[in-house]
Amino acid sequence: MEPGKNLLKKYPVVVSLALVCLLFAVVTSFYEEMYDLFAFHSRPVYFWQYFSGTFMHGSKGAPLWFLWVHLGMNCLMILPFGCVLEARAGSRNAFLVFVVSVVLSSAVFQILLWGQDDLACGVSAVGYGFVTGGLLNLRGLWRAYSRKKRVLYLGLSGIALVMLLPAITGWISTCLHLSGILSGLIVHFTAGRFSRET
């Protein structure tokens with residue numbers, strides 16, 4: 001079996017999410033109109049705009065490089081932490097973190113920008129949900145990890161903490177990032193309770 005197929009089989013939620021974001025980024029690179037159709041809208045025209053902005057990156061009118069930097073930064077959260085979450089808690093719980101993060105961040109965006117006309121993009125709320133779930137699931141793996149892997153996860157955690165600062169990303173992004181953290185905690189403690197009850 002090819003390595004790519006192994007990854008998709010082992011981490012179907014995380015890999016599928018990354019591939020969908022990559023597809024949206026490639027198409028958006030050529031058609032900026034994608035922002036009008038798929039970004040989060042504070043005054044949505046289409047029902048899918050409540051969740052499709054999750055897969056979009058960059059910003060309407062921003063330089064193309066920003067789209068790729070934005071996607072790259074989000075992948076630094078989604079891939080390593082999402083894979084830990086999915087490997088340790090299962091694909092079902094990784095998918096639940098994704099869904100809860102999308103719903104909660106969309107609701108927060110609508111509330112914060114009520115009455116305004118604005119767009120937003122990015123999977124960072126899901127990324128913060130995955131960081132939270134990944135960190136909560138790293139406890140049992142930490143001792144088995146090499147020094148390099150520990151440094152990697154500490155560095156990525158540090159970047160995630162810095163990107164929470166409103167001075168870096170703006171207060172709306174910070175609120176959306178916090179909604180992702182809350183989503184990861186909700187799923188972690190709810191899923192833990194469900195698994196103890198069954």
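Residues numbered from 1 in each chain as written. Predicted model: local features only at pLDDT ≥ 70, side-chain atom pairs only at ≥ 80, totals over all residues. Heavy atoms only, no water.

Trainee: How do you make sense of a nonpolar patch on the surface when you look at a structure like this?
Mentor: A contiguous nonpolar surface patch, about 790 Å² in accessible area, is contributed by Leu8, Leu19, Leu22, Val26, Phe30, Tyr31, Leu64 and Trp68. Mapped onto the nonpolar patch, the elements with two or more residues apiece are α2 (12–30) and α4 (64–89). Counting residues per element, the nonpolar patch draws most heavily on α2, at four residues. (Patch = residues over 30% accessible without salt bridge, like charges linked within 9 Å, V, L, I, M, F, W, Y side chains within 5 Å. Areas by Shrake-Rupley, 256 points an atom, 1.4 Å probe, with all protein chains shown as cover. Salt bridge = Lys/Arg side-chain N within 4 Å of Asp/Glu carboxyl O. Helix = DSSP H or I, 4+ residues; strand = E, 2+ residues; numbered from the N terminus.)

Trainee: Sorry if this is basic, but what is going on with α2 here?
Mentor: Given 3.6 residues per turn, any residue in an α-helix points the same way as the ones three and four places further on. Over its 19 residues, α2 runs 28 Å from end to end, which matches the ideal 27 Å to within 8%, given 1.5 Å per residue. For α2, the set of buried residues is Val13, Val14, Val15, Leu17, Ala18, Cys21, Phe24, Ala25 and Thr28. (Expected span 1.5 Å × (residues − 1). Buried < 20%, exposed > 50% of the residue type's maximum accessible area, 1.4 Å probe, protein only.)

Trainee: Got a minute to help me understand the nonpolar core in this structure?
Mentor: Considering soluble globular proteins, one finds that nonpolar side chains tend to be buried as a cluster. Membership of the largest hydrophobic core comes to 28 residues, with the highest contact counts inside it found for Leu17, Val126 and Phe130. Put simply, the parts of the chain that give this core at least two residues each are α2, α3 (34–38), α4, α5 (91–112), α6 (124–138) and α9 (171–197). Per element, the largest residue contribution to this core is seven residues, and it comes from α2. Apart from residues lying up to four places away in sequence, Val126 is in contact with Leu17, Thr54, Phe98, Ser101 and Val102. (Core = buried A, V, L, I, M, F, W, Y, C linked by side-chain atoms within 4.5 Å. Contact = heavy atoms within 4.5 Å.)

Trainee: Where do I start with the packing of aromatic side chains in this structure?
Mentor: Two aromatic rings are characterised by how far apart their centres lie and by the angle between their planes. Enumeration according to the criterion identifies eleven aromatic pairs in this entry. Here Phe24 and Phe38 contribute two aromatic rings whose centre-to-centre distance is 5.4 Å and whose plane-to-plane angle is 80°, an arrangement assigned as edge-to-face. Of this pair, Phe24 sits in helix α2 while Phe38 sits in helix α3; the two residues are 14 residues apart in sequence, bridging distant segments of the chain. A residue is classified by how much of its surface remains accessible, and Phe24, at 16% relative accessible area, is buried. Assessed through its relative accessible area of 22%, Phe38 is described here as partly exposed. Measuring from centroid to centroid gives 5.7 Å for Phe24 and Phe55, while their planes differ by 35°, and the two rings are tilted. Note that Phe24 is positioned in helix α2 and Phe55 in the loop between β1 (40–41) and α4, a separation of 31 residues in sequence. Across this residue pair, the class does not change: Phe24 and Phe55 are buried. Every member of this aromatic cluster is reached through a ring pair, and the members are Phe24, Phe38, Tyr46, Phe47, Trp48, Phe55, Phe95 and Phe98. (Phe/Tyr/Trp six-rings, centres within 6.5 Å; stacked < 30°, edge-to-face > 60°.)

Trainee: Is there a simple way to explain the environment of Gly122 in this structure?
Mentor: Inspection of the secondary structure puts Gly122 in the loop between β2 (119–120) and α6. Distance from Gly122 to Phe109, taken between C-alpha atoms, is 12 Å for residues 13 residues apart in sequence. Apart from residues lying up to four places away in sequence, Gly122 is in contact with Phe40, Gly53, Thr54, Met56, His57, His70 and Asn74.

Trainee: Would you mind showing me how to read the packing of α4 against α6 here?
Mentor: How two helices pack is summed up by the angle between their axes together with the distance between the axes. Between α4 and α6, the least distance of the axes is 7 Å, while the angle of their chain directions is 45°. Judged by the inter-axis angle, α4 sits oblique to α6. Two packed elements cross with a definite hand, and for α4 against α6 that hand is left-handed. Residues Asn74, Met77, Ile78, Phe81, Gly82, Val84, Leu85, Arg88 and Ala89 of α4 pack against Ser124, Gly127, Tyr128, Phe130, Val131, Gly133, Gly134, Leu135, Asn137 and Leu138 of α6. (Axes fitted to C-alpha atoms, helices over the stretch in contact; angles between N-to-C directions. Parallel < 35°, antiparallel > 145°, perpendicular 65-115°, else oblique. Left-handed = near helix turned anticlockwise from the far one by under 90°.)

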